[in-house]
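Structural characterization, general
So you can see what is in the structure, the chains are spelled out below.
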Amino acid sequence: MKRKILCALTVLALCLAALPALAEEAAEKGTREAPYRLGEACAFTAEILADGSPRQSAGEEDYVAAAMTLTLDNFLTPAYFQDAYARLYRLNGDEAGAQITVQNESEAAVVPQKAFWLTVETADGRQSAGYQLMDAEISGNYGATLESGERATLYKRFDAPAGAEPVYLVLTYCAGGERISRYFLLEERVVYPALESGSRGEDVIALQTRLIELGYLNDDADGIFGPNTEAAVRAARQAADMEDSGAADDDFQHLLYREDFPGAA
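Numbering of residues starts from 1 in each chain and follows the order in which that chain's sequence is written. Totals for whole chains, interfaces and linings use every residue, but because this is a predicted model, local features are given only for residues with pLDDT of at least 70 and side-chain atom pairs only at 80 or more, for both listing and counting. In computing side-chain properties, one takes all heavy atoms of the structure into account and sets aside hydrogens as well as water.

With respect to the packing of aromatic side chains
To keep it simple, the criterion reads: The aromatic pairing rule takes the rings of Phe, Tyr and Trp, using the six-membered ring of Trp, and pairs them if the centres are within 6.5 Å, calling planes under 30 degrees apart stacked, those over 60 edge-to-face and the rest tilted. Think of it in three bands: residues with accessible area under 20% of the maximum for their type are buried, residues over 50% are exposed, and the middle band is partly exposed, with areas taken using a 1.4 Å probe on protein chains only. Distance and angle both matter: a charge sits over a ring if NZ of Lys or CZ of Arg is within 6 Å of the ring centre and within 35 degrees of the ring normal.
Inspection of every chain in the model, using the stated rule, returns eleven aromatic pairs. Consider the rings of Phe 252 and Phe 261, whose centres lie 6.4 Å apart with planes at 90°: the pair is edge-to-face. For Phe 252, a relative accessible area of 0% gives the class buried. Grouping aromatic residues by their ring pairs yields a cluster made of Tyr 80, Phe 81, Tyr 85 and Tyr 89. Between the NZ or CZ atom of Lys 29 and the centre of the ring of Tyr 36, over which it lies, the distance is 5.6 Å. Directly above the aromatic system of Tyr 63 lies the positively charged group of Arg 55, at a separation of 3.9 Å from the ring centroid.

What about the nonpolar core?
The tendency in soluble globular proteins is for nonpolar side chains to be buried side by side. Note the cut-off: By nonpolar core is meant a set of buried Ala, Val, Leu, Ile, Met, Phe, Trp, Tyr and Cys residues that side-chain atoms within 4.5 Å join together. Strands are runs of DSSP state E lasting at least 2 residues, helices are runs of H or I lasting at least 4, and numbering of each runs from the N terminus. Whether two residues are in contact is decided by their heavy atoms: any pair within 4.5 Å suffices.
Within the largest apolar cluster, 29 residues are counted, with the highest numbers of intra-cluster contacts made by Phe 44, Met 68, Leu 70, Ile 100, Phe 116, Leu 169 and Leu 171. The element that contributes the greatest number of residues to this core is strand E2 (residues 63-76), accounting for five residues. Residues contacting Leu 171, with those up to four places away along its chain left out, are Cys 42, Phe 44, Leu 70, Phe 116, Trp 117, Leu 118, Ile 180, Ser 181, Arg 182 and Phe 184. The next biggest cluster of nonpolar side chains, apart from the first, holds 15 residues, and it includes Leu 195, Leu 211, Ala 232 and Phe 261.

Points about the environment of Asp 222
Quick reminder of the rule: The term polar contact refers here to a pair of N or O atoms within 3.5 Å; inside protein, the definition further demands a hydrogen-donor-capable atom paired with an acceptor-capable atom, and it admits residues adjacent in sequence only when both atoms are side-chain atoms.
For Asp 222, the location among the structural elements is in the loop between helix H4 (202-214) and helix H5 (227-239). Judged by its relative accessible area of 45%, Asp 222 is partly exposed. When the C-alpha atoms of Asp 222 and Ala 206 are compared, they prove to be 9.8 Å apart, with 16 residues separating the residues in sequence. Residue contacts for Asp 222: discarding those within four places in its chain leaves Ile 205 and Gln 208. A polar atom in the side chain of Asp 222 sits 3.0 Å from the backbone nitrogen of Ile 224.

Observations concerning the pairing of strand E3 (residues 95-104)
Consecutive residues of a regular strand have side chains that alternate between opposite faces of the sheet. We apply this condition: Note: two strands are recorded as paired if DSSP finds a minimum of 2 bridges between them.
Burial of E3 is extensive: ten of the ten residues sit out of reach of the surface. Burial along E3 is two-sided: Glu 95, Gly 97, Gln 99, Thr 101 and Gln 103 facing one way and Ala 96, Ala 98, Ile 100, Val 102 and Asn 104 facing the other are all buried. In terms of strand pairing, E2 meets E3 through eight bridges, oriented antiparallel. Across the sheet, the residue bridging to Asn 74 is Gln 99, located in E3. As paired strands, E3 and strand E7 (residues 151-159) are joined by nine bridges and run antiparallel to one another. Paired with Glu 95 across the two strands is Asp 159, which belongs to E7.

As structure tokens, then:
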């Protein structure tokens, strides 16, 4: 009996000792091993000098600490650029880009192109600076300024040659005179078909299955978008602070299928 108690206490002690390590591991969001995914906002505070550039030395005293968030919205593949722009521009076929949203939550105006660095990295760790951050997919303004409280959709273009495609978008900013990097997995955004009352098929089954899983729909996933499914969509949209509607559009479905979508109360 004493031996069993001693073993149980030993196991408990080991579990308790592992808790700090587990908490530390869970906090490592934004590393190569646990990168941010599409739609996940990375909150960071970048120290910026009076000229708008990163504070790379702790000895620099004239700076502001600018709180921001950065979200990766989409990976624009070479195939996308070929389809969208090959008739207008002379492309080499390797053009790619990342669509991001930057929110300036500080009191100071920020020029994202100057305030931090965005690079891309391949699976084997090779980094590339790519092109300047701008407000259009292929030709735009490189010096866009975000005033306090403003947010903007911006684009980072780079080359993605076959066999050496970038896997990560890397955000690097300065704090305490040091560089800090956060990783985002480059993923192409799926476009979900708009579903509404009367819609039928496999996409409706997937929608109903997810609504049942989250507790919004108490019905079968029969592939028919009827009154019960519409009511469930309305309830889920309300939980997500979205516009009151019974339709499951692309934006709603992107939120719905995320792991952190709130379940029914």
